[in-house]
Amino acid sequence: MSEKYKITIDGVSTEVEPGTTILNAARQIGGDLVPPAMCYYSSLEGSGGKCRTCLVKVSKGSEKDPRPMPKLMASCRTTVMDGMEVQNLTSPEVQEARKGVVEFLLINHPLDCPVCDQAGECKLQDLSYEHGTEATRYEFNRRTFERIDIGDKIQLHMNRCILCYRCVYVANQLTDQRVHGIVGRGDMAEISTYVEKAIDNDFSGNMIDVCPVGALTDKTFRFKNRVWFTKPVWAHRDCDKCCGRVTLWYKGDDVLRVTGRKDEYGEVHEFICNTCRYDKKRTKDWVIEGPAKVERQSVISANHYDSKVVPVIDKR
Amino acid sequence: MEKLENISLTGRKKVLEKKPMNFLERIYLPSIVQGLAITFKHLFKKKATIQYPEQRREFSVNFRGIHSLKRDEEGRERCTACGLCALSCPAEAITMIADERKPGEEHLYREEKYAAVYEINMLRCIFCGFCEEACPKQAIYLDGDIAPADVDRKNFIYGKDKLLEPLLK
């Protein structure tokens with residue numbers, strides 16, 4: 001099928017392959033009109049549809065059936081129809097709904113950003129900054145859990161988890177046997193693991209990267225430094241297990257942590273192995289490619305002077 | 001044609017007339033007496049200055065002096081080394097190293113993370129108070145005295161020993 005579907009999002013038209021979701025169509029256009037997504041992860045099959053932050057209004061179903069869809073739709077799970085018209089930023093209804101979704105996500109989320117290692121690259125932080133209210137209306141106690149060590153390298157803060165299921169998909173799709181999943185239902189749902197079967201798969205570290213909040217954090221980086229004081233640099237090495245293309249986070253001359261390369265939506269497309277992530281923390285292990293591309297508005301780019309160094313003395 | 005130096009483009013140019021001085025102006029005495037009168041008048045006025053180290057002026061309510069790291073009502077350190085003060089600091093005067101609270105140290109630190117090292121370079125600090133504004137934990141306030149002078153540069157780097165509020169006994 002070579003026919004392409006025309007879709008208009010916030011007045012911007014594009015043509016996409018049939019079967020594309022609204023979210024991916026919006027990402028093809030790019031810019032501000034892309035709905036935020038907490039649970040959808042482009043490189044994980046089956047992710048999406050859980051957090052409801054990507055809700056959009058479909059004001060025209062298709063060319064053949066122009067009736068609007070009765071409810072707001074999760075754009076990560078709704079596929080494009082020909083002639084569809086979608087409102088995201090232009091619809092006050094969507095903005096209001098998203099504010100409600102953020103309030104729901106923050107019901108049990110502790111505001112421990114000053115302590116959390118994810119602060120600065122946390123999707124929920126961005127989202128609550130944009131859409132959140134200043135105070136909570138929730139009168140009951142937040143649910144609290146003890147910290148759990150998943151293996152010796154990953155720490156699970158269940159308090160911070162928003163149940164996006166991304167880490168479960170990583171465990172399902174990247175590692176050969178899943179040892180952690182979601183236990184319980186509804187308000188009782190939590191990420192859990194058979195602790196005695198500590199995750200020793202080579203790709204288990206990727207659940208740190210996919211976690212949109214600070215629920216799964218790198219224990220080798222725990223409290224080492226704040227994200228915005230470290231400088232991300234792209235590097236690669238020959239790895240027999242993974243692609244070996246990573247981001248090194250430097251503080252001075254030390255590599256504080258190694259992560260996968262995240263795109264503009266904070267998603268990793270090339271997952272890296274645990275050897276690269278935990279054991280190669282010296283500059284000589286890597287071939288440096290250059291500074292990582294960081295959004296100018298991101299706090300990570302704060303206090304970094306990226307101007308080209310011009311040598312004063314010409315060595316010829 | 002008018003002379004160039006007399007043309008006023010703004011309309012505010014005043015031409016200074018230099019007249020020859022008259023007799024009283026030439027002997028200068030009235031001007032000297034006038035000047036001395038002002039000088040002697042100030043001898044009987046209230047002094048504008050004070051004897052500084054012995055006498056001190058009251059600070060205004062929004063005076064910004066030396067920083068102090070605060071403790072909570074149970075005497076635990078409030079700072080969690082979140083780094084927002086260092087991020088907001090326009091002079092980049094603040095550095096810190098965080099550490100994790102061990103079990104049994106709950107009476108010392110309020111949160112599970114604390115600042116093991118917290119340093120402010122007082123030579124760089126411009127006392128703008130941004131750190132105080134940025135702090136989410138009400139842990140730093142510029143409520144101290146004027147930063148004292150010193151002869152050695154390294155003495156201007158204030159660590160936790162100088163910044164931390166003393167424990168109330």
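Draft legend 1. How the structure looks around the packing of helix α2 (residues 92-105) of chain A against helix α3 (residues 123-131) of chain A. Residues and elements named next belong to chain A. Close contact between α2 and α3 brings their axes to 10 Å; oriented N to C, the two are set at 130°. Between α2 and α3, the angle falls in the class oblique. Judged by the sense of rotation from one axis to the other, the crossing of α2 with α3 is left-handed. For the pair formed by α2 and α3, the contact residues are Gln95, Arg98, Lys99, Val102 and Leu105 on the first element and Leu124, Leu127, Ser128 and His131 on the second.

Draft legend 2. Fine view of the sheet that holds strand β1 (residues 5-9) of chain A. Residue and element names in this part refer to chain A. Taken in spatial order, the five strands of this open sheet run β2-β1-β5-β3-β4, and their pairing is mixed. The open sheet has two edge strands, β2 (12-16) and β4 (73-74), and neither has a second partner. The pairing of β1 with β2 spans five bridges and is classified as antiparallel. Looking across to β2, one finds that Ile7 is bridged to Thr14.

Draft legend 3. Spatial organisation of the environment of B:Glu25. Residues and elements named next belong to chain B. Among the structural elements, Glu25 can be located in helix α1 (residues 23-27). What makes Glu25 partly exposed here is its relative accessible area of 42%. Along the primary structure Glu25 and Lys70 are separated by 45 residues, whereas in three dimensions their C-alpha atoms are 66 Å apart.

Draft legend 4. Geometry of the pattern of salt bridges. Taken as a whole, this structure holds 26 salt bridges over all chains when the rule is applied. Residue A:Arg137 pairs with A:Glu103 through a salt bridge whose shortest N-O separation is 2.8 Å. Of this pair, A:Arg137 sits in the loop between α3 and β6 (148-150) while A:Glu103 sits in helix α2; the two residues are 34 residues apart in sequence, bridging distant segments of the chain. Overall, A:Arg137 belongs to the exposed group, its relative accessible area being 67%. We note a salt bridge from B:Lys160 to B:Glu77, for which the minimum N-O separation is 2.8 Å. Taken as a pair, B:Lys160 in helix α5 (residues 160-163) and B:Glu77 in the loop between β1 (68-69) and α3 (84-88) lie far apart in primary sequence, 83 residues in all. Judged on exposure class, the residue B:Lys160 and its partner B:Glu77 are both buried.

Draft legend 5. Focus on the pairing of strand β3 (residues 55-60) of chain A. All names here are of chain A. Two strands pair when backbone bridges link them, and β3 and β4 are joined in this way by two bridges, in the antiparallel orientation. Paired with Val56 across the bridge in β4 is Met73. Sheet topology places β3 next to strand β5 (residues 84-87); three bridges connect them, and they run antiparallel. If you follow Val58 over to β5, its bridge partner there is Val86.

Draft legend 6. Main features of the sheet that holds strand β13 (residues 254-260) of chain A. Residues and elements named next belong to chain A. Spatial strand order, β13-β12-β11-β14: four strands in an open sheet with antiparallel pairing. Of all strands in the sheet, those bounded by a partner on one side alone are β13 and β14 (287-291). Going across the sheet, the axis of each strand differs from the next one's by a mean of 35°, ignoring polarity. Bridge count for strand β11 (residues 231-236) against β14 is four bridges, and the pairing is antiparallel. For His236, the partnering residue across the bridge sits in β14 and is Val287.

Draft legend 7. Focus on the domain arrangement of chain A. Residues and elements named next belong to chain A. The domains assigned to chain A are domain 1 (5-97), domain 2 (106-223) and domain 3 (225-308). Between the C-alpha centres of domain 2 and domain 3 the distance comes to 21 Å. If you look at the interface, domain 2 gives 26 residues, while domain 3 gives 26 residues. Summed over both partners, the interface of domain 2 with domain 3 buries about 2,100 Å², with 47% contributed by carbon and sulfur atoms. Broken down residue by residue, the surface that domain 2 buries against domain 3 is led by Glu121, Asp209 and Phe221, which jointly contribute 32%.

Draft legend 8. Expanded view of the interface of chain A and chain B. Contacts between the two partners involve 14 residues from chain A, matched on the other side by 16 residues from chain B. For the chain A and chain B pair, buried surface summed over both sides reaches about 1,200 Å², with 56% attributable to carbon and sulfur atoms. For chain A, the biggest contributors to the area lost against chain B are A:Pro114, A:Val115 and A:Phe223; these three give 43% of the whole. Here chain A and chain B share four salt bridges between them. Note that B:Glu100 is salt-bridged to A:Arg147, the shortest N-O span being 3.4 Å.

Cut-off values and rules
Along each chain, numbering runs from 1 in the same order as the chain's sequence is written. A letter from A marks each chain and a number from 1 marks each ligand, given out in the order of writing. Predicted model: local features are reported for residues with pLDDT of at least 70 only, side-chain atom pairs are reported and counted for 80 or more only, and whole-chain, interface and lining totals are derived from all residues. Values reported for side chains reflect all heavy atoms of the structure, with hydrogen atoms and water molecules removed beforehand. Note on geometry: axes are lines fitted to C-alpha atoms, helical ones only across the stretch in contact, with angles between N-to-C directions running from 0 to 180 degrees. Every helix listed is a DSSP run of H or I at least four residues long, and every strand listed is a run of E at least two residues long, numbered separately from the N terminus. The scheme is simple: roughly parallel for angles under 35 degrees, roughly antiparallel for over 145, roughly perpendicular for 65 to 115, oblique for anything else. Throughout, a crossing is termed right-handed when the near helix is turned clockwise from the far one, and left-handed when it is turned anticlockwise from it by less than a right angle. Contact criterion: two residues are considered in contact whenever any of their non-hydrogen atoms come within 4.5 Å of each other. Here the rule is simple: two strands pair whenever DSSP picks up at least two bridges between them. Burial classes follow relative accessibility: with a 1.4 Å probe on protein chains only, a residue under 20% of its type's maximum area counts as buried, one over 50% as exposed, and anything between as partly exposed. A pairing counts as a salt bridge when a side-chain nitrogen of Lys or Arg comes within 4 Å of a carboxyl oxygen of Asp or Glu. For the purposes of this description, domain bounds are those given by an automatic or database domain assignment. In short, buried area is how much 1.4 Å probe accessible area vanishes from two parts on joining, totalled over both.

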